[in-house]
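Reading the structure
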Amino acid sequence: MLIRAMGLVIGIVWAGSALSSDWETQFDEGGVQVDTRDVDDSNYKAFRATALIAASPEDVLARLRDIESYPDWFPDTVEARRLELDGDDWANYVRTDAPWPVKDRDAIYTQNLERSGSSIKIVVGVAPDTVPESGDAVRIRAAAGFWELKDSDGATALHWEFHVEPGGNIPSGLVNARVIETPKAALQALKEYFES
């Protein structure tokens with residue numbers, strides 16, 4: 001229950017965040033588009049990524065909920081495991097590799113599933129104090145966004161928005177480059193998974 005409450009609070013903060021610029025397209029190729037924009041009071045950009053996936057929304061949802069598969073398709077993921085699952089609410093522990101000399105990052109992501117007709121939305125937040133910190137990774141304490149899956153003639157129109165404050169001393173240029181590369185590579189891998 002605490003994890004769900006934390007996720008909802010952060011989701012509300014995300015919904016009201018001051019976004020200080022319009023979206024700018026950074027990548028648009030092979031059916032994957034990634035846009036970024038500035039966020040007030042942050043050195044790190046938010047991203048919006050879209051793709052048409054050759055699978056039903058329920059099949060895409062199943063892949064997104066399969067946390068153990070994340071190291072196979074989600075860039076730089078070195079560890080991913082389920083912490084809690086309570087129907088339409090769950091939490092995942094994810095550890096992400098960072099290039100030397102930057103320390104790895106880890107996070108406890110909360111996820112709340114919302115359904116509206118044929119549309120599926122997963123609201124994502126963080127609950128950073130759910131699991132003790134390891135000491136060899138920096139805990140992400142602020143992140144929020146959502147995945148939205150809509151039926152599109154038997155395929156899934158996927159829309160993903162996210163903003164993260166990675167914590168610690170990390171150059172904004174490095175993070176902002178990954179803000180483009182991570183969703184691009186993840187959605188390319190997701191498309192390939194369902195097309196193969």
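Focus on the nonpolar core
Core analysis: the largest hydrophobic core is formed by 44 residues, its most contacted members being V60, Y109, W147, L158, W160 and L187. With seven residues, the top contributor of residues to this core is helix α4 (residues 172-195). Among residues more than four places away in sequence, those in contact with V60 are I53, A55, L149, T156, L158, L190 and F194. One finds A91, Y93, I108 and V131 within the second-largest nonpolar core, a separate group that totals five residues.

Re helix α2 (residues 57-65)
Along α2, the residues classified as buried are P57, V60, L61, R63 and L64. Viewed end-on, α2 has its buried residues packed into an arc of 160°, placing them on one side of the element.

Considering the environment of P75
Tracing the chain through its elements places P75 in the loop between α3 (70-73) and β4 (77-86). It is 8.8 Å that separates the C-alpha atoms of P75 and D97, two residues lying 22 residues apart in sequence. Every residue in contact with P75, bar those within four places of it in the chain, is listed here: T182, A185 and A186.

What to know about the confidence of the model for the protein chain
Per-chain confidence: the protein chain averages 89 in pLDDT, with 90% of residues scoring 70 or above. Between residues 1-16, whose pLDDT stays under 50, and residues either more than four places distant or in other chains, the model counts 25 contacts.

A word on the side chain of D104
Checked against the element boundaries, D104 lands in strand β6 (residues 104-116). Here the side chain of D104 touches R95 through a polar contact of 3.2 Å, side chain to side chain. Apart from residues lying up to four places away in sequence, D104 is in contact with R95, T96, D97, A98, D136, A137 and V138.

Conventions adopted
- Residues numbered from 1 in each chain as written.
- Predicted model: local features only at pLDDT ≥ 70, side-chain atom pairs only at ≥ 80, totals over all residues.
- Heavy atoms only, no water.
- Core = buried A, V, L, I, M, F, W, Y, C linked by side-chain atoms within 4.5 Å.
- Buried < 20%, exposed > 50% of the residue type's maximum accessible area, 1.4 Å probe, protein only.
- Helix = DSSP H or I, 4+ residues; strand = E, 2+ residues; numbered from the N terminus.
- Contact = heavy atoms within 4.5 Å.
- Arc of directions from axis to C-beta.
- pLDDT = per-residue confidence, 0-100.
- Polar contact = N/O pair within 3.5 Å; in protein donor to acceptor, adjacent residues only side chain to side chain.

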